[in-house]
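Okay, here's what each chain looks like letter by letter:
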Amino acid sequence: MRQKYSSRRSREACPLPGVRKEYRMLSDDERERYHRAVQTLKNTTINGTNGEITNEYDMFVRLHNPGESPGAHYGAAFLPWHREYLSRYEESLREIDCTVSLPYWDSTLEYGLPDSTSSILWTPDFMGNGDGEVTSGPFGYFKPVHPYYTGNHIERYVGKMWGRPMCLSDIDAIMEGTEFRDLSLYVNPALEGSHGEVHGWIGGHISWILSAADDPLFFMHHSFIDCIWEEFRTTRQKTDRYTEYPTQYWDVGGTEHMADRPMMPMGLASAPNTRKTFIIVANVRHATQPPQTVDPIICFAIYAQLPGALPACDKVVFALEWKMAVHWDCNAVANTVNKRVTIKPNLLKLKLLN
């Protein structure tokens, strides 16, 4: 039986709703508890749907198989399908440790680096290496359900295949819409298309739909996509955000994306008829809705004031408690921040050092 770390914590330490933070904004303790919960899922043996012996994490990997989930990609059901999927995954993590919420990974921060492969994301304290078989970090030597090149462990080839991290122009294009239909791939490819670019940029298992969820980074990437969707719903959508869903075949992207089709293998309808698919999961809120004592910040552009800056970075720095890049280039950082302010001043809430 898996250990439920929450049993060691007081009820006050297990708040509802949980808060999804940018991965690098987690405290060391929060990050370690999240890693441990994922590891526990991977190490918990269960019987599969066909009687096979598997583990809880791999069951989620199999749910993302296109053969099992024909309406999960390339159309209007992309967002509600993955929202429900993430909700179930997060619920499993919280059953292990109720203080854990699924963090999101804002890849626009990597886009802003002179060398995006130098991100601290690819270090042992965070997600481990990104240059082949993952042999470092909390998920080093994770054995995948689906083989890729070597077939032994999950693999990444950051920046070596195709694609790129998301950038603010992607966010701008997504936020141009005012109806849910504007997020469907066949109406505006900005969201699902740019999301796919990130899969290709990481490379390896996550670049292939069948094996994407083998890499735990997949869930944090999609948590960011869900965060963007929630920002769209609360700030841009003019239609009824609880009921609006496209009805035209050419808008939804095919039969499996129609409102009355079940989101297989979970069985829920694409339209918000069950479990309020279109509202943010009841037990979760993003860091876009912080406590009243904290200034609101957009979920896809998190910065903050550091207690003490690096010697050459005493004017403007990425917030993330120095958790952005392995090697700092202060001029590049300052230019990136200035560009962000210019592009989206109405959405970015920055705290700059004096």
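If you're wondering where the values come from, they're calculated on a predicted model, not measured in any experiment.

Quick notes on the rules
- Residues numbered from 1 in each chain as written.
- Predicted model: local features only at pLDDT ≥ 70, side-chain atom pairs only at ≥ 80, totals over all residues.
- Heavy atoms only, no water.
- Axes fitted to C-alpha atoms, helices over the stretch in contact; angles between N-to-C directions.
- Helix = DSSP H or I, 4+ residues; strand = E, 2+ residues; numbered from the N terminus.
- Parallel < 35°, antiparallel > 145°, perpendicular 65-115°, else oblique.
- Contact = heavy atoms within 4.5 Å.
- Nonpolar A, V, L, I, M, F, W, Y, C, P; charged D, E, K, R; others polar.
- Buried < 20%, exposed > 50% of the residue type's maximum accessible area, 1.4 Å probe, protein only.
- Polar contact = N/O pair within 3.5 Å; in protein donor to acceptor, adjacent residues only side chain to side chain.

Could you clarify how one ought to interpret the packing of helix H1 (residues 28–43) against helix H3 (residues 78–96) in this entry?
Between two packed helices, both the angle of their axes relative to each other and the distance between the axes serve to describe the pair. Across the interface, H1 lies against H3 with an axial gap of 9 Å and an inter-helix angle of 105°. One element, H1, and the other, H3, form an angle in the roughly perpendicular class. Along its contact with H1, which presents Tyr 34, Ala 37, Val 38, Thr 40 and Leu 41, the element H3 presents Tyr 89, Ser 92, Leu 93 and Ile 96. Of the residues in the contact of H1 with H3, the class split is seven nonpolar, two polar and no charged.

In this structure, what is going on with helix H2 (residues 56–63)? I would like to understand it.
Given 3.6 residues to a turn, an α-helix orients residues that are three or four positions apart in the same direction. Within H2, six of the eight residues are buried, which leaves the element mostly enclosed by the surrounding structure. Among all positions of H2, only Glu 56, Tyr 57, Asp 58, Met 59, Phe 60 and Val 61 are buried. Capping the start of H2 is the job of one residue whose side-chain oxygen sits 3.1 Å from the backbone nitrogen of Tyr 57: Asn 55.

Could you clarify how one ought to interpret unusual backbone geometry in this entry?
A negative phi angle characterises most non-glycine residues, just as the trans form characterises most peptide bonds. Cis geometry marks the peptide bond from Met 264 to Pro 265; its omega dihedral reads 5°. Relative to the helices and strands, Pro 265 resides in the loop between strand S6 (262–263) and strand S7 (268–269). Its identity is not glycine, yet Tyr 74 carries a phi of approximately 65°, on the positive side. Along the chain, Tyr 74 falls in the loop between H2 and H3.

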